[in-house]
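Descriptive structure summary
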Amino acid sequence: MVTIEELEARAALVAAGGDLGALARAMRGRAERTLREAPFIPQVKALLSQDGGVCPRDGAALAFDPWSPRSHRCPKCGTEQAGERHHRWWARFQHLWLAEQAAELAALAAVTDDAEAAQRAGAILEGYAHYADLPNRDNVLGPSRLFFSTYLESIWATNYLAAAVLLRERGLLDDGTAAVVGGVADEAAAVIGEFNEGFSNRQTWHNAALAAIGVWFEDEELAGRAIESETGLLAHLAHGFAADGCWHEGENYHLFALQGALTAIRWARSAGVEPLADPELARRVAAALRAPILTALPDHTFPARKDSRFGVSLAQPMYLELWERGLGITGGTDEAGDIGAWLRSLYAAPAPAARDFDSWLYEAGGRKPDARSRESLSWNALFEMAPELPDGGEPGQRSVYFPSQGLAVLRRGNRYVSLECGEWSSGHGHPDRLNLTVHADAVHWLPDVGTGSYVSRDLFWYRSTLAHNAPRLDGTSQEEGDATCAAFEAGDEWSWVRGTWGPLTRTVVLGPSYLVDLLEMSATDDRLLELPWHLDGAEVESPGRWEPHAFDDEFVADTERFVPEDPGAAVRCRARSGGAEVTLHLAPGATLMRGTCPGAPGQDARRRCLVEQVRGMGGLLVAVLGFGAGAVAAVRLAGTSIEVDTPAGTDRHAATTEGWDIRGAESSVRLGGLRAPEIDFEPLVTKARPLREHAAVPYARDVPALDGSGEGFERAASIHLDHEDQYRRSEEPFDESFRAEGRLLWDADALYLAVDVAKPELVFRPADAPPLRLDNEPDDIHSDGLQVYLRPAGGPTWAVLVVPEADGGIRVRPMAGSSAAAGEVRGAWTRTEEGYRVTLALSPESWNDVRLARSADFDLIVNEMRPDRERRAGQLVWSGGGGWVYLRGDRQPAERFGVIDLA
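Residues numbered from 1 in each chain as written. Predicted model: local features only at pLDDT ≥ 70, side-chain atom pairs only at ≥ 80, totals over all residues. Heavy atoms only, no water.

**Observations regarding the sheet that holds strand 24 (residues 649-655)**
- What the 5 strands build is an open sheet, ordered 22-23-24-25-26; its pairing is antiparallel. Every interior strand has two partners, whereas the edge strands, strand 22 (634-638) and strand 26 (668-671), have only one. On average, each strand axis in the sheet is inclined to that of its neighbour by 15°, with strand direction left out of account.
- Summarising the sheet, strand 22 and strand 23 (residues 641-646) pair through 5 bridges and their orientation is antiparallel. Bridging from a neighbouring strand, Ala 634 pairs with Asp 645 of strand 23. (Pairing = 2+ DSSP bridges. Helix = DSSP H or I, 4+ residues; strand = E, 2+ residues; numbered from the N terminus. Axes fitted to C-alpha atoms, helices over the stretch in contact; angles between N-to-C directions.)

**Quick word on the pattern of salt bridges**
- For the coordinates displayed, the defined rule picks out 62 salt bridges.
- A salt bridge links Asp 756 to Arg 743; the nearest nitrogen and oxygen atoms lie 2.7 Å apart. Here the residue Asp 756 occupies a position in strand 31 (residues 751-758), and Arg 743 occupies one in strand 30 (residues 739-746), the gap between them amounting to 13 residues.
- We classify Arg 743 as buried; its relative accessible area is 17%. (Salt bridge = Lys/Arg side-chain N within 4 Å of Asp/Glu carboxyl O. Buried < 20%, exposed > 50% of the residue type's maximum accessible area, 1.4 Å probe, protein only.)

**Examining the nonpolar core**
- Trp 156 and Trp 323 are the most contacted members of the largest nonpolar core, which totals 128 residues.
- It is helix 4 (residues 84-112) that provides the largest number of residues to this core, a total of 16 residues.
- In this structure Trp 156 touches His 95, Leu 96, Ala 99, Tyr 128, Tyr 131, Leu 146, Phe 147 and Val 184, once residues within four positions along its chain are discounted.
- Residues Met 521, Leu 529, Leu 586 and Phe 627 belong to the second largest nonpolar core, which totals 47 residues. (Core = buried A, V, L, I, M, F, W, Y, C linked by side-chain atoms within 4.5 Å. Contact = heavy atoms within 4.5 Å.)

**What about helix 7 (residues 175-193)?**
- Between its terminal C-alpha atoms helix 7 stretches 26 Å, which fits the 27 Å expected from 19 residues at 1.5 Å a residue.
- Buried within helix 7 we find Thr 177, Val 180, Val 181, Gly 182, Val 184, Ala 185, Ala 188, Ala 189, Val 191 and Ile 192.
- Those residues of helix 7 that are buried are in contact with helix 5 (115-126), helix 6 (150-169), helix 8 (201-217) and helix 9 (220-228).
- Sitting at the amino-terminal end of helix 7 is Asp 174, which places a side-chain oxygen 3.0 Å from the backbone nitrogen of Gly 176. (Expected span 1.5 Å × (residues − 1). Polar contact = N/O pair within 3.5 Å; in protein donor to acceptor, adjacent residues only side chain to side chain.)

**Brief notes about helix 12 (residues 279-295)**
- A rise of 1.5 Å per residue sets the reference length of helix 12, with its 17 residues, at 24 Å; its end C-alpha atoms lie 25 Å apart and thus fit the reference within 8%.
- Turning to helix 12, its buried residues number three or more, namely Leu 281, Arg 284, Val 285, Ala 287, Ala 288, Leu 289, Ala 291, Pro 292, Ile 293, Leu 294 and Thr 295.

**Points about the environment of Gln 787**
- Mapping Gln 787 onto the fold places it in strand 32 (residues 785-791).
- Residue Gln 787 is classed as buried on the basis of its relative accessible area, which comes to 0%.
- For Gln 787, the residues in contact, after removing those within four places along its chain, are Ile 781, Val 800, Leu 801, Met 815, Asp 859, Leu 860, Ile 861, Asn 863, Arg 872, Gln 875, Gly 889 and Asp 890.
- Of note is the side chain of Gln 787, whose polar atom sits 3.3 Å from the side chain of Arg 872.

**Some remarks on unusual backbone geometry**
- Even without a glycine there, the phi angle at Asp 138 is positive, about 60°.
- Along the polypeptide, Asp 138 turns up in the loop between helix 5 and helix 6.
- The exposure class of Asp 138 is buried, given its relative accessible area of 10%.
- Of note, the phi angle at Asp 474 is positive, near 60°, even though the residue is not glycine.
- The residue Asp 474 is located in the loop between strand 8 (472-473) and strand 9 (483-490) in this model.
- Among the residues examined, Asp 474 registers a relative accessible area of 36% and is labelled partly exposed.

**Some words on the confidence of the model for the protein chain**
- Predicted confidence across the protein chain gives a mean pLDDT of 94, with 98% of residues reaching 70 or more.
- Scored below 50 in pLDDT, residues 680-689 makes 1 contact in the model with residues more than four places away or belonging to other chains. (pLDDT = per-residue confidence, 0-100.)

**Brief notes about the packing of helix 5 against helix 6**
- The N-to-C vectors of helix 5 and helix 6 enclose an angle of 135°; their axes lie 10 Å apart at closest approach. As the angle between them shows, helix 5 and helix 6 are arranged oblique. Judged by the twist between their axes, the crossing of helix 5 over helix 6 is left-handed. Of the residues in helix 6, those in contact with Ala 118, Ala 121, Gly 122 and Leu 125 of helix 5 are Tyr 160, Ala 163, Ala 164 and Leu 167. (Parallel < 35°, antiparallel > 145°, perpendicular 65-115°, else oblique. Left-handed = near helix turned anticlockwise from the far one by under 90°.)

**Quick word on the packing of helix 2 (residues 18-30) against helix 4**
- Axis separation between helix 2 and helix 4 bottoms out at 10 Å; the angle between their running directions is 130°. As the angle between them shows, helix 2 and helix 4 are arranged oblique. Where helix 2 crosses over helix 4, the handedness of that crossing is left-handed. Along the contact surface, helix 2 presents Ala 24, Met 27, Arg 28 and Arg 30, while helix 4 presents Glu 104, Ala 107 and Leu 108.
- Residues that form the contact of helix 2 with helix 4 fall into these classes: 4 nonpolar, no polar and 3 charged. (Nonpolar A, V, L, I, M, F, W, Y, C, P; charged D, E, K, R; others polar.)

**Regarding the pairing of strand 21 (residues 620-627)**
- Taking burial as the measure, the 8 residues of strand 21 include 7 buried ones, the bulk of the element.
- In the sheet, strand 12 (residues 514-521) pairs with strand 21 via 7 bridges, with the strands oriented antiparallel. Looking at strand 21, one finds that Val 516 is bridged to Val 624.
- Pairing geometry for strand 18 (residues 580-586) and strand 21, over 5 bridges, is antiparallel. Among the inter-strand pairings, His 585 is bridged to a residue of strand 21, identified as Val 624.

**Considering the sheet that holds strand 5 (residues 415-420)**
- Ordered in space as 3-4-5-6-7, the 5 strands form an open sheet in which the pairing is antiparallel. At either end of the open sheet lies a strand with only one pairing partner, and these are strand 3 (400-402) and strand 7 (443-446). Geometrically, the sheet is characterised by an average inter-axis angle of 15° between neighbouring strands, direction not taken into account.
- Sheet topology places strand 3 next to strand 4 (residues 407-412); 3 bridges connect them, and they run antiparallel. Note on strand 4: the bridge partner recorded for Tyr 401 is Ala 408.
- Sitting on the sheet, helix 12 is in contact with strand 3, strand 4 and strand 5, with an inclination near 55° to strand 4.

Laid out in structure tokens, this is it:
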């Protein structure tokens, strides 16, 4: 990782005292218990589950204590919890913590000649001689032996190998321990190297780990692949981070990816490659370091966009170290002084308790310091941070627009407003185009709450449009589609942004004492437009009454409709928090409802939300949010103008062909910044669309037998699932002994399907089996069985999950979000010499549409379960595609479906 010359130079800086010397002393103090007492090395693979690490009494996350492997305290109720699932949850953090401890101790040994630290670091490294014995199966996201996802293996490996390399460079690694490390590194290279995640944040860590393994073995080819391949370090710096510095998956994953990239840069330098020798890449890294500063909320937290955690302080030591390392890696220069000033503001902020992050557990089990300083950092900073923090400058926070994300941030004093446009984002993205966030006067009035646990049911709430301050159409979460920023200008007194998504346009104008929000719909047919307002604690002050009103949503309860005394007047709402307050004025013309919904992740109490509704082709919703008591007295619509009464007089707002005008009692402001729409063009070179699978389905002269025998399917159309490129694997590659053939017929009443599956050993999940409680996916995917999809042209997807049962019958589960019902499937199954056969009649409500069109999209998936597994091993997919089965659940993208034609 570093040469002996570099180690000696760093040791001299540490010996000289200053911040680096203080950090080394703090590290030594933090390691005292680890030096006195051998830490517990888990002999088990970590497990991700719904109940592991969760208090069964109150649902709170248990506290991770590296010195308590079998007893785990609930910080909320104080009880101690135990059990295998809790232990395997604990093992996840313990493996990661141990690698960090090994690296810290090795770093101390390398720069301070601490023999005790070297000995304990070597013992931890040698303690993983069992690494290859742990099972590489039942993983959630990529192959792994210690964990359930490859990215965790990569984080662990970078610290584990850092410890080994530091000891080796100092001549402190004995041959036996080196042999253990070599065996671990060799196996880790195979596990990590086969799972490439492209431009996911996780791949930054895979690259770092593979580069580290390449350095350990002095393997130039392996290190070169991690650094220079199409999805290697250099590609991530050039394309993963956009020209404006943003990573495409939101702030939480931006920070995580940047941390991985900085780690990979360090290993690349050890392999003889200087990534930042290219000025453009150096500029990208500098922009990536500044981007989170520009989007940060006034309370020093990052906005919880997409799947980000909610309310996380950027004064966390992990993030402090990220900026410190960034300054050091880029040469310690901070031309504008903004990063140094930002760090100083974070160090001056109240010290948050260090959270348990996968890539930062150094303070686990310890006490929170009263204040954060450069002494709070880890061994990474010991080698990479500048000896002194740069002076001068300002934090650099200002109104800004990020083209790559379509994110506009408007700032005025301590007030922060953002509107989200940009490309539709799968994976960690949310259906929240045109989402509005407001933070003002130290209160997060309109938050984006991000995402909580990936294994609890409320994940589906946080990933819905209704959970955001974003518009939805026709009662369902937003469908795919990009939003475009149509205007942005930030002035001294007034700023604005306008975004468009589908038939909707949202305009937000921020001024000295209030915000104007205008949502317009221009549709070609009758649509239902809804706009949630998650203004917690808001109470309607306008005269009127509330009456019960039905609202169809799993997560929203206690819904009522407001009936105003004066339907022609704006509805006034007020919310208070601490000593601050805001008023929300909703212009007439919409139905206003209220209900309760889940709070932010980690909050038990439900919160109150408001929802506006309007139906038509040209709906219009106007709102004004006043900051402070008396900021806004009244709001009116006057033709095409919005009139806002303030203590200084009446402001009139109106859209113009050039932008937006505000005419006040004493002055007028004109805002421009209109952005030309993107021009569609036909590229010079196009990639041919992959051929879709087709099957011509003959008419059934007689209804075939549905008893599993296969009788009556002799004339059926055959579809085959028997190729490697039709197999989605987990850890094991395709085995030709697993294959299937489907046969299709149709008549006026149904589509008939017989599926013969060849499989050496059948594993059907019983209907009365105890719940797996692994994640949010249906348990029945972890069984031999079928997934069937049918979609008429222009219609909704119909999809069912079918599992054979012991009595010869079948268990049918309609898939969430599809139009299917259990009663629309009849059939049975039987064993065959090679496996099993299922015969089905599918009679969806939309079958008549399919029959009249004589065509429909269709897909068939056959799940593969094995007796020694907790999760399915893989699946065969008629429409093909290959790849990995991880995270797919019972979902299949409609664009992947094949086509059946009714002959």
